[in-house]
Amino acid sequence: MTHVFHRNPRSKLPVAVAGEGMALIDQDGRRYLDASGGAAVSCLGHGHPRVIEAIRAQVAELAYAHTSFFTTAPAEELAAMLADAAPGPLNHVYFVSGGSEAVEAALKLARQYYVEIGQPQRRHIIARRQSYHGNTLGALAIGGNAWRRDMFMPLLIDAHHISPCYAYRDRADGESDAQYVQRLADELEQKILSLGADQVIAFVAETVVGATAGAVPPVGDYFRKMREVCDRYGVLLILDEVMSGMGRTGYLFACEEDGVEPDIVVIAKGLGAGYQPIGAMICSDRIYDAVLRGSGFFQHGHTYIGHATACAGALAVQKTIREERLLDNVRQRGEQLRSELRQVFDDQPHVGDVRGRGLFVGVELVADRRSKLPLDPSLRTHARVKAEAMKRGLLVYPMGGTIDGRNGDHILLAPPFIATPNDISEIVQRLSESVTASLG
């Protein structure tokens, strides 16, 4: 009997009691190799002594102070570190408690920016189909996953969706990267024009698509082209790096690899590595200065924004990543992971694609590799793979509805940045056995 309202009340979950590095341990003493970091969260693994000590020391000094009265040293230092590392003029950091809150803050700031500069008529948000930006109502509204949205449609604000950059499924035969990207940029432009060139607030996109489609990276100069379209019509570019940011792709900010500077970027998961709940919205000087010169007040806020203990934990996480040069390991182990997955699944007819960046990797499952025909969704293959993996002491993050919210299955892998070559090989071996047990 449990009084916890679990996300799936019909399931019976093992009780996690400890974590050591790459492993989680349940109450029966069974060890699980954590190949997904929960949901791409635990980037330093479990039980890191430096982070634990930083949190302990902060709680002993000051656990919490409301941000309408005080700022705190860990918040100031962490914000300075992030602003220094962020691309371009992203210099102003607003701390929240997670990814959904960060997206909500970004949407509200984007709207307020246009009110501050005298363009209050702007009201439309454009995002992409099969995107995921969070589960609060605003974030859910702009998200493009139909299954997540359907039940709550009467409560959601209007949002508009264009095609994702999903080359494995959507690039036409014979279409080059440049042609494909231009087609997507033209689609964004046409959407802006159809809504009214002076009516659109922002285009929102995950730099690398995460949970809904399985680590789908952009093609070529996709984001440069989308940036050009946004600039042409005075539309803000908001990049969602809740899952892909903070080193997950081998760069602290995933958009660094694409050579693009957003107006707002949102981060979470890897920011605090799961040691405390924390996320952040980072905006450009232009947006911040408009508020400063205008009303002087961001009309938003939650009780736990800028939480001192959360910031102290995240600061220790980010210092560890930097000082131990873990992004080098992310890039090296990521190359190893994709290479070994392609080798082990070379003759597996139900693996259609292996993709991703750094230690952010997706494996798309299909009924037939040549035709890319998806598996029957009633089989819930992604759930079967998860169950088979747990039997083998492996934690992965699979999802169904990869293609359109109903059809398609993929497995998301996001091992901690501390993974060794042996850890990666062990993940590949156990996953291979799990896929074979699920699909033959």
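See the structure printed just above.
Residues numbered from 1 in each chain as written. Predicted model: local features only at pLDDT ≥ 70, side-chain atom pairs only at ≥ 80, totals over all residues. Heavy atoms only, no water.

### Regarding the pattern of salt bridges
Here is step 1: Tallied over the entire structure, the rule returns 22 salt bridges.
Here is step 2: Among the ionic pairs, Asp328 bridges to Arg325, the shortest N-O distance being 3.1 Å.
Here is step 3: The exposed category is assigned to Arg325, whose relative accessible area is 57%.
Here is step 4: Through salt bridges with shared partners, a single network forms among Arg169, Asp353, Arg355 and Glu364. (Salt bridge = Lys/Arg side-chain N within 4 Å of Asp/Glu carboxyl O. Buried < 20%, exposed > 50% of the residue type's maximum accessible area, 1.4 Å probe, protein only.)

### Re helix H13 (residues 326-344)
Here is step 1: For H13, which comprises 19 residues, the first-to-last C-alpha distance of 26 Å matches the rise-based estimate of 27 Å (1.5 Å per residue) to within 8%.
Here is step 2: Among the residues of H13, Leu326, Leu327, Asn329, Val330, Arg333, Gly334, Gln336, Leu337, Arg338 and Leu341 are the ones counted as buried.
Here is step 3: Buried residues in H13 make contact with helix H12 (308-323), strand E11 (351-357), strand E12 (360-365), strand E15 (409-413) and helix H15 (421-439). (Helix = DSSP H or I, 4+ residues; strand = E, 2+ residues; numbered from the N terminus. Expected span 1.5 Å × (residues − 1). Contact = heavy atoms within 4.5 Å.)

### Observations concerning the pairing of strand E8 (residues 236-241)
Two faces, one strand: in a regular strand the side chains alternate between the faces of the sheet.
Here is step 1: For E8, a buried count of 6 out of 6 residues is recorded, marking the element as mostly surrounded by other parts of the structure.
Here is step 2: Here E8 shows a buried face lined by Leu236, Ile238 and Asp240 and a second buried face lined by Leu237, Leu239 and Glu241.
Here is step 3: Sheet topology note: the strand E7 (residues 200-206)/E8 ladder contains 5 bridges and is parallel. Looking at the pairing, Ala205 lines up with Leu239 of E8.
Here is step 4: Handedness of the β-α-β unit built from E7, helix H9 (residues 222-232) and E8 comes out right-handed. (Pairing = 2+ DSSP bridges. Right-handed = clockwise from strand over helix to strand, strands pointing away.)

### Considering the nonpolar core
Here is step 1: Ranked by internal contacts, the top residues of the largest apolar core, which has 92 residues, are Phe203, Leu341 and Leu431.
Here is step 2: Look past the residues within four positions of Leu431 in its chain and what remains in contact with it is Leu341, Phe345, Val385, Leu394, Val396, Ile411 and Leu413.
Here is step 3: Counting residues in each nonpolar core, the second largest holds 32 residues, with Ala110, Val204, Val291 and Ile305 among its members. (Core = buried A, V, L, I, M, F, W, Y, C linked by side-chain atoms within 4.5 Å.)

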